[in-house]
Amino acid sequence: MSTILDYLSWRGDLTLEQDEFNEIDALILARLSYLPFDDIVPCSFLEKITIKEAVETLLTQEDYVSKLTWKYDQDLLIALKDSRRFNSMYLSGYLNEIDSDQQKQFCAITITFSKNKHYVSFRGTDRTLVGWKEDFNMSFMDIVPSQQSSKDYLQRAISSLRGRYIIGGHSKGGNLAMYASIKVLKKYQSKIDFVYNFDGPGFELSFFESNGYLNMKDKICTYLPESSIVGMLLEHKEHFIVVQSDNNGIMQHDIYSWQLMNKAFIKKEQLSKESQIINESIKEWTQSVDEAGRKQFIDTIYTLLSETDVNTVEEFLSYKNIMKIVSSLKNVNEEDKKHVMDLLVSLVKILSKNFVS
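Residues numbered from 1 in each chain as written. Predicted model: local features only at pLDDT ≥ 70, side-chain atom pairs only at ≥ 80, totals over all residues. Heavy atoms only, no water.

Engineer: Can you break down the overall build of the protein chain residue by residue, with the values?
Structural biologist: Helices and strands together make up the secondary structure of the protein chain, namely 15 helices and 11 strands. The buried share of the protein chain, taken over its 357 residues, is 54%. In the protein chain, once contacts between residues fewer than 6 apart in sequence are set aside, the share between residues at least 24 apart is 73%. Summed over its atoms, the accessible surface of the protein chain is roughly 16,900 Å², and 53% of this surface lies on carbon and sulfur atoms. (Helix = DSSP H or I, 4+ residues; strand = E, 2+ residues; numbered from the N terminus. Buried < 20%, exposed > 50% of the residue type's maximum accessible area, 1.4 Å probe, protein only. Contact = heavy atoms within 4.5 Å. Areas by Shrake-Rupley, 256 points an atom, 1.4 Å probe, with all protein chains shown as cover.)

Engineer: Any chance you could break down the pattern of salt bridges for me, citing the residues and the numbers?
Structural biologist: Taken as a whole, this structure holds 10 salt bridges when the rule is applied. A salt bridge links D19 to K263, with the shortest nitrogen-to-oxygen separation between them at 2.8 Å. Placement of the pair is D19 in the loop between α1 (4–11) and α2 (23–32) and K263 in the loop between β9 (260–261) and β10 (264–265), with a sequence separation of 244 residues. The partly exposed category is assigned to K263, whose relative accessible area is 35%. A salt bridge links K52 to E56; its shortest N-O distance comes to 3.3 Å. In this pair, K52 and E56 both sit in helix α3 (residues 51–59), 4 residues apart, roughly one turn of the helix. Among the residues examined, K52 registers a relative accessible area of 33% and is labelled partly exposed. Salt bridges linked by common partners bring R11, D19 and K263 together as one network. (Salt bridge = Lys/Arg side-chain N within 4 Å of Asp/Glu carboxyl O.)

Engineer: Please give an account of the environment of R156 that cites residues and values.
Structural biologist: By the secondary structure assignment, R156 is in helix α7 (residues 145–160). Overall, the relative accessible area of 40% leaves R156 in the partly exposed class. Measuring from C-alpha to C-alpha, the distance between R156 and G93 comes to 9.3 Å, with 63 residues separating the pair along the chain. In this structure, R156 is in contact with F45 and L95, ignoring residues within four places of it in sequence.

Engineer: Requested: an account of α3, with residues and values cited.
Structural biologist: Buried within α3 are the following residues: I51, A54, V55 and L58. Buried residues in α3, looked at end-on, bunch into an arc of 95 degrees, giving them a common side. In the core, the buried residues of α3 are packed alongside α2, β1 (49–50), α4 (64–67), α5 (73–81) and β2 (90–99). (Arc of directions from axis to C-beta.)

Engineer: Explain helix α11 (residues 273–287) residue by residue, including any values.
Structural biologist: Helix length check: α11 (15 residues) gives 21 Å between terminal C-alpha atoms against 21 Å at 1.5 Å per residue, within 8%. Within α11, the full set of buried residues consists of S275, I277, I278, N279, S281, W285 and T286. (Expected span 1.5 Å × (residues − 1).)

Engineer: Residues and numbers for the sheet that holds strand β4 (residues 117–122), please.
Structural biologist: Pairing within the open sheet is mixed, and its 9 strands lie in the order β1-β2-β3-β4-β5-β6-β7-β8-β11. Because the sheet does not close on itself, it has two edges, and the strands there are β1 and β11 (267–268). Across 4 bridges, the pairing between strand β7 (residues 220–225) and strand β8 (residues 240–243) is parallel. Of the residues in β8, the one forming a bridge with L224 is V242. (Pairing = 2+ DSSP bridges.)

Engineer: Break down the nonpolar core for me, citing the residues and quoting the values.
Structural biologist: Ranked by size, the top nonpolar core spans 45 residues in total, and within it F37, L91, Y119 and F198 carry the most contacts. Within the residue set of this core, elements represented by two or more residues are α1, α2, α3, α5, β2, β3 (104–114), β6 (192–198) and β7. The leading source of residues in this core is α2, at 7 residues. The contact partners of F37, leaving out residues within four places of it in the chain, are L32, A54, V55, L58, L77, L91, Y94 and I109. Counting residues in hydrophobic clusters, the runner-up holds 28 residues, among them F106, L176, A177 and A180. (Core = buried A, V, L, I, M, F, W, Y, C linked by side-chain atoms within 4.5 Å.)

Structural data, given as structure tokens:
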């Protein structure tokens, strides 16, 4: 079994002229937007820095490891720096925005991987609770702030850099890649060759009826691990490919667990039964709660977290802060408290029923 780190070890010395761009390259570039290039990669699309230069600068920062999101990001950084295939690619247009008031977490970067060929990479949910709240907001909002930002960003990128485009992202970043590509003007869509959604949530069914989607649907490539949970939220009308992972359950969301052979993913025929049951249960539960009820549920939980000065997932998981959150329950009015508990019990009942049947 092999992963993207093995791929970089095997094929990292082959340039794109020697071996053309493929789906594994697309996943690696989707991961680039998660890397903490603040104050390293230019915000302008017209100023550029190579991946090698950007990584070398990042590695000089004493605290850079603490800024990484996933365990193997450090290995990825070093492999990219030493790879002839990737290290001379240019980075530009780095934008990283966290806005608690708007409940918005957005980050994007543009990679010029060949002459007049660009990859726009959208970051998925990071470790901030604002990012997670925005994800949950998708269950009751037609448009979340990062989706609007993704459209604006993509239009600026295509207006600034001549050439052809590939758009991609992992997790929420995959959702943003699809949203931006479908919502931009038709003249910009004509410059897009592929859109890669790696285990990103879907959309409401009405989204797939738009002319923008019909224009782009044949260019969209969606990949889901066999036990996908995140990527199966909401609806997918586009064709998707199931990828083998060596993790279990929701941990298959980790792209470093996705299995490949040579320069292609190892494909599975269908999603696992567990994934199908969980996602059918979540959809059933969501349909049983109206939009106002979903909003009340999510806002109440987020208010609890906000009142304890918790900003990141790591802070939330500390024993001290969990106890603070439990203690703060007394400040929640009885109606909201009952609503949250009723919905949690309802979800557990639906999951139990579907697994038993």
